[in-house]
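Geometric and topological summary
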Amino acid sequence: MIARLALTSALVLSLDGPSSVAPIPAQPGPAENAANVSISSHIVQPRQLPPPDLSALKVPVGFRVTRFADKLGNIRVLAVANDGTVYATRRDEGDVIMLKDPGNGAPAAAPVRV
């Protein structure tokens with residue numbers, strides 16, 4: 001029992017101290033283990049959908065639906081800043097556009113590339 005406790009204490013002490021073990025750098029293996037592979041990928045292009053009929057959308061009492069912007073391309077991500085400015089990323093164009101909210105329920109001004 002005493003020997004076992006001493007061994008456990010020695011292990012704990014050695015684990016708590018600074019490590020002197022250096023990482024082993026990766027090295028290429030033998031040529032006979034090499035693989036001859038090719039990687040290919042495909043991007044799925046989603047089908048273009050028509051905008052919904054706004055009158056068909058159901059919202060709670062006190063809310064209303066208006067068209068903020070349209071014909072912007074393939075929007076992927078939307079972010080809204082504290083001041084109401086909307087930023088959108090477009091996959092096909094590879095850019096980010098900014099849409100200013102006029103604040104009166106009217107559509108946004110023309111998009112600006114940022």
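Residues numbered from 1 in each chain as written. Predicted model: local features only at pLDDT ≥ 70, side-chain atom pairs only at ≥ 80, totals over all residues. Heavy atoms only, no water.

**Comments concerning the sheet that holds strand β4 (residues 112–113)**
To keep it simple, the criterion reads: Strand pairing requires that DSSP identify at least two bridges connecting the strands. Per the convention used, a helix needs a DSSP run of H or I reaching at least four residues, while a strand needs a run of E reaching at least two, with both numbered from the N terminus.
A sheet is described by the order of its strands in space; here four strands give the open sequence β1-β2-β3-β4, paired in antiparallel fashion. For this open sheet the edge positions go to β1 (75–80) and β4, each flanked by a neighbour on one side alone. Sheet topology note: the β1/strand β2 (residues 86–90) ladder contains five bridges and is antiparallel. Looking at β2, one finds that alanine 79 is bridged to tyrosine 87.

**Digging into a nonpolar patch on the surface**
The test is simple: Patches were defined on residues exceeding 30% relative accessible area and lacking a salt bridge, with like-charge contacts within 9 Å and nonpolar side-chain contacts (Val, Leu, Ile, Met, Phe, Trp, Tyr) within 5 Å. Per-residue and other accessible areas follow the Shrake-Rupley method at a 1.4 Å probe size, with only the shown protein chains counted as cover for residues. The salt bridge criterion pairs a side-chain nitrogen of Lys or Arg with a carboxyl oxygen of Asp or Glu, the two atoms within 4 Å.
Residues Leu57, Val59, Phe63 and Val65 make up a contiguous nonpolar surface patch of roughly 350 Å² in combined accessible area. Checked against the element boundaries, valine 65 lands in the loop between α1 (2–16) and β1.

**Looking at the environment of alanine 109**
What counts is decided by this rule: Each residue's exposure class comes from its accessible area (1.4 Å probe, protein chains only) as a fraction of the maximum for that residue type: buried when under 20%, exposed when over 50%, partly exposed otherwise.
Structurally, the position occupied by alanine 109 is in the loop between β3 (95–99) and β4. Its relative accessible area of 46% is what places alanine 109 among the partly exposed residues. With eleven residues separating them in the primary sequence, alanine 109 and methionine 98 have C-alpha atoms 9.4 Å apart.

**A few points about the confidence of the model for the protein**
Counted only if it meets this: As a per-residue quantity, pLDDT reports the predictor's confidence and falls between 0 and 100. Any two residues whose heavy atoms approach within 4.5 Å are treated as being in contact.
Mean pLDDT over the protein: 78, with 81% of residues reaching 70 or higher. Per-element confidence in the protein is highest for β3, whose mean pLDDT is 96, and lowest for α1, whose mean pLDDT is 42. In this model, residues 1–17 is a region of pLDDT below 50 whose contacts with residues beyond four sequence positions or in other chains number zero contacts.

**Digging into the pattern of salt bridges**
Applying the stated criterion to the full structure yields four salt bridges. The salt bridge involving aspartate 95 is made with arginine 90; its shortest N-O contact spans 2.7 Å. Between arginine 113 and aspartate 95 there is a salt bridge whose closest N-O contact spans 2.9 Å. Separated by 18 residues along the polypeptide, arginine 113 in strand β4 and aspartate 95 in strand β3 bring together distant segments of the chain. The exposure class assigned to aspartate 95 is buried, which follows from its relative accessible area of 8%. Three or more residues joined by partner-sharing salt bridges are found here, namely Arg90, Glu93, Asp95 and Arg113.

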